[in-house]
Each structure stands twice: as structure tokens, then as C-alpha cells.
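If you want the building blocks of each chain, they are given just below.
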Amino acid sequence: MGRLSCLANDPFTDSHYMGRNSQVAKQAREATVEFLCHIHRGTHEVEHSSAISTVLNDDHTTIVTTEVDTEDIDIMGFDPGMKPYKDHLEYRSRKYKEQKVLIEKYEGTLEEFAQGYSRFGFNKEGDAIVYREWAPPAQEAQLIGDFNGWDGSNHKMEKDQFGVWAIKIPDTGGNPTIPHGSKVKFRFKHGNGVWVDRIPAWIKYSTVDPAKFAAAYDGVYWDPVPSDRYVFKYPRPPKPKSPRIYEAHVGMSSSEPRINSYREFADDVLPRIRANNYNTVQLMAVMEHSYYGSFGYHVTNFFAVSSRSGTPEDLKYLIDKAHSLGLWVLMDMVHSHASNNVTDGLNGFDVGQSAQESYFHTGDRGYHKLWDSRLFNYANWEVLRFLLSNLRWWLDEFMFDGFRFDGVTSILYHHHGIERAFTGNYDEYFSGATDVDAVVYLMLANSLIHNILPDAIVIAEDVSGMPGLGRTVSEGGIGFDYRLAMAIPDKWIDYLKNMKDEEWSMKEITTCLTNRRYTEKCISYAESHDQSIVGDKTIAFSLMDKEMYLGMSCLSEASPTVERGIALHKMIHFITMALGGDGYLNFMGNEFGHPEWIDFPREGNGWSYEKCRRQWNLVDADHLRYKFMNEFDRAMNLLDDKFSFLASTKQIVSSASEEDKVIVFERGDLVFVFNFHSVNTYDGYKVGCDLPGKYRVALDSDAWAFGGHGRVAHDVDHFTSPEGIPGVPETNFNNRPNSFKVLSPARTCVVYYRVEEGIEDSDDGELTGASEIVAAVAQQELLEESGDALEDVGPSKKEEEVVNKGEEDVEMGEDASDD
């Protein structure tokens, strides 16, 4: 038994952050809470009160404070602009430490706290199944399901003083009374006397009757016998120096108009990803979501895999297969909100109770008006247990290697970024608009993830640019490893939709690509799933539009539109990768210029799967130009494999000529030359570089293998000349101490690498001379590494009837002019 109290007169109380009346915020308030805590060590249970960490005050929860030392906030040393906000940074850091101390005091460790799934939900304990559910507002509760004919009168649950309902169901005849794979639900009566049936919050599998239209999901008791459990065979591969991420949606990865399975994706799509030299797969829509068209972002069951694509064991097979191919696997993690569904979602546990007894905030604060979804109360002890345990579940049970956190902007601010245009003013980040409880949750989450898996990759989707988001928690940061560079695709969309080629600004492009916070890493991308969904266009479709229906055959000469489209598609993706961040992301199919948008089955399209798939036949057909974009994608990934330029902190833009429409920069020791001019080819074009010596072509977008015209000779040695006075940059050429001259054709990008002295021409490494061999080298290496796994990867020449049909085989749907 003990007593905790809030600090009085704290200038940074949560009521201050809520923007409430300043008179109220200044009032000295001490709130106390009585709690009972039975702490047992070893195998004994730890019980607690949900009120340990929260105090209700005008329907607003506040984390109870304890005495914790606050050290200097190291991130202010990286960014002096943060110093005026020292009080705010110290406040949130103190709140994090206080919450962590409370967890350690009453739960053992943060890692133990995050094993809630071993206590809540269904767990085998000796010769019985024990089911526990946190539902404080329930007046009575029962467990119902197939096992008792959906009659819970003989399976009534008991409630403890902390709002946790429990029931122990002994085995029958040596077998579990609840059979594996049988349906179950939690039935409870709330204050108005109404009984409701809900899927257990911690359910590990959930299914729907496909024969019933708009049927509600059912929870499924998942506990296969050992012989039916998937056992991981391969360890996690080494962490990539820089993530080259292939964003994928398993369900829509089939070439057929249907939902694909985890095992089919593993066997058919993973080899493609590996063949294109990606080192990381990011899986969307893994957690169960009753509405397929939500892209997986309206989660209903947080611990359950999406049953549309298979079982938990099938997903484990996919991840193990990825690890066998040397691929890391990230999961799209949705902790920013929950589905508004009542009958089959977590929202069904909210029956009008106060915030400290609910997963969600009450009133407007608990509802996202644009997403039509519920918002978590991150200050609540049981919400922290639920969400942190969710992270550990996916890491431990499924061997994921990290996460991409969705909707971080919504988490960070009380306004959720709605109708806000962030300007970079620090007042936007460190003010009453910041939800400190949510910031504390993210700090706890990142600490937990990296404690369990130190090498984990954790990425934040944040449009606001919150300073310190990508710095460690120990420094006072929020702890993410990377943030998504979300301004980049918007810039390309703007250029493609609203500007003529000659209006493109080289300085604007380079500024956008390099505009990221010092010491905080970014994942760059030209387009993700966001730019591919219905109502928008992929970059390829924006560039070539309806000509993609008739003009992609190699059997006839490319039109000017297709020529321009393929050339700029390669350049846009490559400069985004090379200059835009410390890692790179591509959405499934965009590597070969997949046409059209994605449209999930819905009433508006007659519930069709026609555009909810990937047309792999387009890239596999040897007579279609899609293969050129795919080969270049493969080659640019191989370039990073060989030279690790994404991991290099050396990034220098030496020229961004508006007149020439040429951008020259160095990344690592590579020299990149991008000529965006629509017609001008420059012979003897002078480019600056750092190191003297001999340079050769490493990658050339104009090579024949990539659908170009082969105008750049790959057997030419480029020798440098010194520029100006050594050590005096202003006397150098574009502030570079050396230079060499190149041929730069219009709408091409060429990369040059420095040949080490003493290495014979025939032993320059695998990226020598002609860049036509780049893709072949990649394919050969992968064949050696993966053997038969990649037998069927690459352009197919088996289907002669497809080739003979020419353009007629390109399945494209309605005319693009209708967009």
C-alpha cells in the first residue's frame, strides 16, 4: 500500500498542454490515489491498479509524478534552436523517466511490462486455459463460443479490484476444453443493463464468414499443437548498412484479381524483391482490419494477423523465407488510432465510461474527425501495457526486425496535424499543442524496441518535422532511427502536375532533397502507396498517361512521351535515392512503372479486385519497356550494395545550374551527374570532385540495358585536373579541388567512381565499365546466393504467345483519358 501525488504548480501540467484556461492551469492541485499492489517474484503474478499511473480530473488524465533526476538534454547540443525550449524538453524527459520508474517499481522491468499477452487474453496455464480481459465498466461478464454453444451461463467471469475479469477453464479428458481454431467472444453487461458480445482485445486470430455479406468478425482461439506450429529455421540476417525498403501489401500482390496469401507472397514475390537488390521488406496491413479498403490502417484486432492472407503460421513462414534471402522485415505499425468499429474492434469496449477506464480518450479528444477512428489515451496504464506488449508480440512471436510507425504526426499533437501547415517554427513543436503523454509513449516504445532488439529499424511517418524525433531517448530525443522524408513526393507531384520541364528548378530540387535535420536520418522516396491509391497517379502514369496502353512495346519505336517518361522515371527515383536521405523506399510495382492506381473492392467499383493487384506480367514480358525501368531499379540498388553511398555522411552538391539544367553532387566518393535538360547534350562538361585520380562510369541511365541510347562510352577513363589553390575552396571549381570532363546527354544521369591506383582495369570490381552488365552481375550474384529460389525471377521468355500478342496483352482497364 502506498501513496503518490502530482506536483503542484507545475507550469507544464497536462492541462497546460490541453490549452485550458490559464487560471485553472495555475491552480495548485494535489491529487492522490490509493492503490493496492501485490508484487511476487519468479513465476508469480504481478497485480496493479489501473489508477497507479493516472488521476482523473475533469475527464483528463495525468501521469502521477515521482522524484526523478533530470539530466542535461543532449539534443540541445546538436541543435541550439532547442535551447529556448529547455523547460519543455526537460518536462517531457522527466515525465518519461517518471513513467518508466513506476513501471519498473510495479511491473518489474519495461520488458516484463510489455509481456502483457502472457497474462491477458487466452493463455495455457498448467492443465487449464485462463482468459483475462480488462473491462472496468462491465457489470457482469461471460466467455462464450463454440465450446459452450454460445451460452455463457456456465462460464461466468470474476472481476478483481483493478477492473480485470478472469476465468479458468480446466482441460477436459486431457485436452483443452476450448479447441484450437474454435470461435470465442467476450460477453459483458454494461451500466444500462445491456449485454454485448465483443472480440477479446488480446485475441491472436480473428476470422469472418466469407459467405455472409458484411458479417462481423469472430475471435478465434489460436493454440496449435507443437507439430502444427511454424518453427523458424533462419536467424535474422545482418542489419543492412542502409535500408533499401520495398513497401509491399501482401493481399494485393497477386497478378490475379484476388487476395494473395502470405505463402504465395513468400514464394513468388520475395524472390523478385531480392533480385532487385532490396535489403528490407516493409509489410502493410498485417494487423487484422475488417475493412479491406482501409489499406490496413483501421485496425480492429491488434494482436491478430490479417486472416484474409492466411494464418499466423503462414505469416511466420513469410518472414522466415525473407530472412533466408537476406531480407529484413519491417511491419507497418498503427498505434496512432483504432478502427471505429464496435462489434469487431477495440472500440467495442468503450461503452461511455470515463477515460481512465477506457482505451480511448472521451469526447472530441477521443475521435479523429478525418479518419473516423478512435484515439488512444496514452497516459492510461493499461493502454501503455496493451500497446507496448503489442510491439513486443510482433518482435518476439513473428521475428519482425522493426517497425514503420504510421501517423506519428497525429500522435504527437493534440490537433493531430489537422488543417495545420508546419512552417518549421519551433513554437509549433514545443507548446501547448504537443501531447506530452503521447510523446512519452513513443519514447517508451522506442526504448522497449531497442532493448529487445538493439539493431531494430524504427521509422516515423511524421509530416511536421518534429526536432529530436530521430535522436535517442537517452539524449532527450523520441528515439526513432529514421523519419520518412515526406516533402519529397509532394515536390515531384507538384512538378509533374503543374510545371513544364523547362520550369523545373535545379536549386529547388536539391534544396528539397537535402532539407533534413542534421544528425537525424531520413528514408527518402519518390512515391509510396500514398501516391498510388485511387484518385492519384503513379509517377510513370503521370509521365506517360494513356500512352502506357499502346506505346510500351519494344517492337515499335518509342514515342516522345514514352521516351521522356521512362527517362524521367529513372532520374526522379534515382536522384531521390542518392540525394534524399540515408535510406530509400519504393512501393511494390513502382520499380517497373506499374500503371494506374490501386482501387480496393468497394461499392463504387462493383466490389472489383481488378485494380487491387500487381501486373507482374508487364515486367516479365520481354517485349515491353517496363523491363527497362525495372533493370535500372535493380542496378541503382546494386550500386549502393557495392559502394554504400547511402550510409556515407559525405554529401556535397557542387552545382545546380538553372541554365544548363544539370545537378552535380558527390555522395561518398561517387560523383553523380543529372542532366534534366529536355534537349541539350553537353560534351566535355566539367564536373567538380574531391579526390584526384581516374574515374569511370559506374551507372548510366542511358545504357541500352535500361532503355537508353548508349551515348556514353563506358570504356573511357576520366582523369582529374587540380583546381585553384589547395586548401582554398573559393579558388576551386565549384568549391571542389579537382575536376574532370564528361559527356552528359539530355535527360540522363551518370555516376562515376574513382579507380583505386594499382588495380588493373580488369580487376576494378564488379561495377566496371559498361553499366549494361550491372543488372547481369546482380542476377548472377543472387543466383549463386539463393540457388533455385530465384529460378523463375526476371523477364520471362517462356510465354511466347504473350510476346506474339504484343501490346494486346497489356491489361490496363479503362482509358487513361477518363482520369
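Residues numbered from 1 in each chain as written. Predicted model: local features only at pLDDT ≥ 70, side-chain atom pairs only at ≥ 80, totals over all residues. Heavy atoms only, no water.

The chain appears in an unreviewed UniProt entry as 1,4-alpha-glucan branching enzyme from Macleaya cordata. Word for word, the UniProt comment on the chain under Subcellular location (unreviewed entry) is "Plastid, Amyloplast". (UniProt positions renumbered as here; feature names shortened; annotations may be inferred.)

Can you walk me through the side chain of Lys 204 in this structure?
With respect to the helices and strands, the residue Lys 204 is situated in the loop between strand S11 (195–198) and strand S12 (206–208). There is no salt bridge for the buried Lys 204, and the closest opposite charge comes from Glu 397, which lies 7.2 Å off by N-O distance. (Helix = DSSP H or I, 4+ residues; strand = E, 2+ residues; numbered from the N terminus. Buried < 20%, exposed > 50% of the residue type's maximum accessible area, 1.4 Å probe, protein only. Lys, Arg positive; Asp, Glu negative; His and termini not counted. Salt bridge = Lys/Arg side-chain N within 4 Å of Asp/Glu carboxyl O.)

I'm lost on the sheet that holds strand S21 (residues 373–374) in this one. Help?
Strand pairing in a sheet is mediated by backbone hydrogen bonds. Such pairs are either parallel or antiparallel. The three strands are arranged S19-S21-S20 in an open sheet whose pairing can be described as antiparallel. What marks the edges here is a single partner per strand, and that holds for strand S19 (338–339) and strand S20 (367–368). In terms of strand pairing, S19 meets S21 through two bridges, oriented antiparallel. In the sheet register, Ser 339 faces S21, and the bridge partner there is Ser 373. (Pairing = 2+ DSSP bridges.)

Teacher, can you tell me more about the UniProt feature "active site" (unreviewed entry) in the chain here?
If you check UniProt for "active site" (unreviewed entry), the listed places come out as Asp 406 and Glu 461 in our numbering. These annotated residues cover 56 residues of sequence, and their C-alpha atoms lie no more than 5.4 Å from one another, placing them together at a single site. With residues near it in sequence (within four places) discarded, Asp 406 still touches Tyr 297, Asp 332, Met 333, Val 334, Ser 336, His 337, Ile 411 and Glu 461. Residue placement: Glu 461 occurs in the loop between strand S23 (457–460) and strand S24 (482–484). Looking at Glu 461, the relative accessible area reads 12%, which means it is buried. When neighbours within four sequence positions are excluded, Glu 461 is seen to be in contact with Arg 404, Phe 405, Asp 406, Gly 407, Val 408, Thr 409, Leu 484, Met 486 and Asp 530. (Contact = heavy atoms within 4.5 Å.)

Got a minute to help me understand the packing of helix H12 (residues 506–514) against helix H15 (residues 560–580) in this structure?
The description of two packed helices rests on the angle between their axes and on the distance between the axes. Two numbers describe how H12 lies on H15: the axes approach to 9 Å, and their chain directions differ by 50°. Here H15 runs oblique to H12, going by the angle between their axes. Of the two possible hands of crossing, H12 and H15 adopt the one that is right-handed. Along the contact surface, H12 presents Ile 509, Thr 510, Leu 513 and Thr 514, while H15 presents Ile 575, Thr 576, Leu 579 and Gly 580. The class makeup of the residues in the contact of H12 with H15 is four nonpolar, four polar and no charged. (Axes fitted to C-alpha atoms, helices over the stretch in contact; angles between N-to-C directions. Parallel < 35°, antiparallel > 145°, perpendicular 65-115°, else oblique. Left-handed = near helix turned anticlockwise from the far one by under 90°. Nonpolar A, V, L, I, M, F, W, Y, C, P; charged D, E, K, R; others polar.)

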